[in-house]
Amino acid sequence: MVPARFVFEYSQRSLAILERLEPEARRQDLLTSFALLAASPLLLIPFERSRPGHPLFSAADDGKRAVAMRSLDRLPFIGNPFCPASAAARWRFSHIIQHHNDPHRWSDHDGRHPMDPGAVNSITSQNAAKVLRVLRNALAHGNIVYLNGDGREVAGTRVEYLAFLSRYEESPERREAAETYRLVVTTEGEFLRFLKAWASWLSGLPAEDRIAA
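**Regarding the overall build of the protein**
Working step 1: Check the secondary structure of the protein and you find seven helices and four strands.
Working step 2: Listing the helices and strands of the protein from first to last along the sequence gives α-α-α-β-α-β-β-α-β-α-α.
Working step 3: Expressed as a percentage of its 213 residues, the buried residues of the protein come to 46%.
Working step 4: In the protein, the proportion of contacts linking residues at least 24 apart, taken out of those at least 6 apart, comes to 64%.
Working step 5: Accessible surface computed for the protein: about 10,900 Å², of which carbon and sulfur atoms make up 52%.

**Brief notes about the nonpolar core**
Working step 1: Judged by nonpolar contacts, the single largest core of 42 residues is most densely connected at F191, F194 and W198.
Working step 2: Secondary structure elements with two or more residues in this core: α1 (6-27), α2 (31-49), β1 (91-96), α4 (128-141), β3 (161-167) and α6 (188-203).
Working step 3: Listed in part, the ten residues of the second largest apolar core include A163, L165, L183 and V185.

**Focus: α4**
Working step 1: Given a rise of 1.5 Å per residue, 14 residues ought to cover 20 Å, and the 20 Å separating the end C-alpha atoms of α4 matches this to within 8%.
Working step 2: With ten of 14 residues buried, α4 is to be regarded as a mostly interior element.
Working step 3: When α4 is considered as a whole, its buried residues turn out to be A128, A129, V131, L132, V134, L135, R136, N137, A138 and L139.
Working step 4: The N-cap residue of α4 is N127: its side-chain oxygen and the backbone nitrogen of A129 are 3.1 Å apart.
Working step 5: Backbone geometry just after α4 places G142 at a positive phi near 75°.

**Examining the sheet that holds strand β2 (residues 144-147)**
Working step 1: Taken together, the four strands give an open sheet; going across it, the order is β1-β4-β3-β2, and neighbouring strands pair in antiparallel fashion. Looking at which strands have only one partner, the edges of the open sheet turn out to be β1 and β2. Taking the axes of each pair of neighbouring strands and ignoring which way they run, one obtains an average angle of 25° across the sheet.
Working step 2: Running at roughly 90° to β3, α4 makes contact with β1, β2, β3 and β4 (181-187) of the sheet.
Working step 3: Against the sheet, α6 touches β1, β3 and β4, its axis set at about 95° to β4.

**Description of the packing of aromatic side chains**
For any two aromatic rings, the description comes down to two numbers: the centre-to-centre distance and the angle of the planes.
Working step 1: Under the criterion given, the structure shown has nine aromatic pairs.
Working step 2: With centroids separated by 5.1 Å and ring planes inclined at 85°, the aromatic side chains of F82 and W198 adopt a geometry described as edge-to-face. On the criterion of sequence distance, the pair formed by F82 in the loop between α3 (59-70) and β1 and W198 in helix α6 is long-range, its members being 116 residues apart. For the pair F82 and W198, a shared accessibility class is recorded, and that class is buried.
Working step 3: Aromatic pair W198 and W201: ring centres 5.3 Å apart, planes at 15°, arrangement stacked. In this pair, W198 and W201 both sit in helix α6, three residues apart, roughly one turn of the helix.
Working step 4: On the accessibility criterion, W198 (0% relative accessible area) is buried.

**Comments concerning the side chain of T32**
Working step 1: Mapping T32 onto the fold places it in helix α2.
Working step 2: The class of T32 is buried, set by a relative accessible area of 5%.
Working step 3: Contacts of T32, omitting those with residues within four sequence positions, involve Y146, V159, L162 and E188.

**Looking at the pairing of β4**
Working step 1: Most of β4 is tucked away, with seven of its seven residues classed as buried.
Working step 2: Both faces of β4 are covered, namely the face carrying Y181, L183, V185 and T187 and the face carrying R182, V184 and T186.
Working step 3: Here six bridges tie β1 to β4, and the two strands are oriented antiparallel to one another. Each bridged residue has a counterpart across the sheet, and for R92 the counterpart in β4 is V185.
Working step 4: The pairing of β3 with β4 spans seven bridges and is antiparallel. Following the sheet pairing, R167 is matched in β4 by Y181.

Scoring rules and cut-offs
Residues numbered from 1 in each chain as written. Predicted model: local features only at pLDDT ≥ 70, side-chain atom pairs only at ≥ 80, totals over all residues. Heavy atoms only, no water. Helix = DSSP H or I, 4+ residues; strand = E, 2+ residues; numbered from the N terminus. Buried < 20%, exposed > 50% of the residue type's maximum accessible area, 1.4 Å probe, protein only. Contact = heavy atoms within 4.5 Å. Areas by Shrake-Rupley, 256 points an atom, 1.4 Å probe, with all protein chains shown as cover. Core = buried A, V, L, I, M, F, W, Y, C linked by side-chain atoms within 4.5 Å. Expected span 1.5 Å × (residues − 1). Polar contact = N/O pair within 3.5 Å; in protein donor to acceptor, adjacent residues only side chain to side chain. Pairing = 2+ DSSP bridges. Axes fitted to C-alpha atoms, helices over the stretch in contact; angles between N-to-C directions. Phe/Tyr/Trp six-rings, centres within 6.5 Å; stacked < 30°, edge-to-face > 60°.

Any functional reading would require information beyond the geometric quantities listed.
Okay, here's the thing in structure tokens:
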């Protein structure tokens, strides 16, 4: 059926698919791949279609959604409707200052590996828009790394964490001068829980008056 509210109804349908197929993904030990399969459209489409510059954007049909998406700049990531305070320990936000292309040698501002005990984790001070932007950019550019329980990329070991990298420099000049990346890390199970909560939040955003009528 052709949707009246594409982004909202797509999110609802994605949530239904996630809940229907999750047991099978768990049975086949494909939970990480399953989560990433759902993540790209759920994080790319809403942000892209909410931009006034998008070719399919309509102020009459998409204005309220665009306002709601902009409100993410004022919403803390931890303690929001799609990431409760109880989930804080399962998320990390830091920076990779050196060796971004070698997960074993990642180094933050303090010279520590960002997954080591005691390394800086600023997730509780980040707003939702910043964290979601890292996830969105990482998915768009394939900057995703599977990590094991020790926070390292070791082939053949069990996946425990998903790491998402996004270039930190916002201008061409800064990109030429450095190779700094924002890094968001979360557990395999928490990422899937977050996706379902995010899809639920999107599908509950207010409709335009024309569509509501």
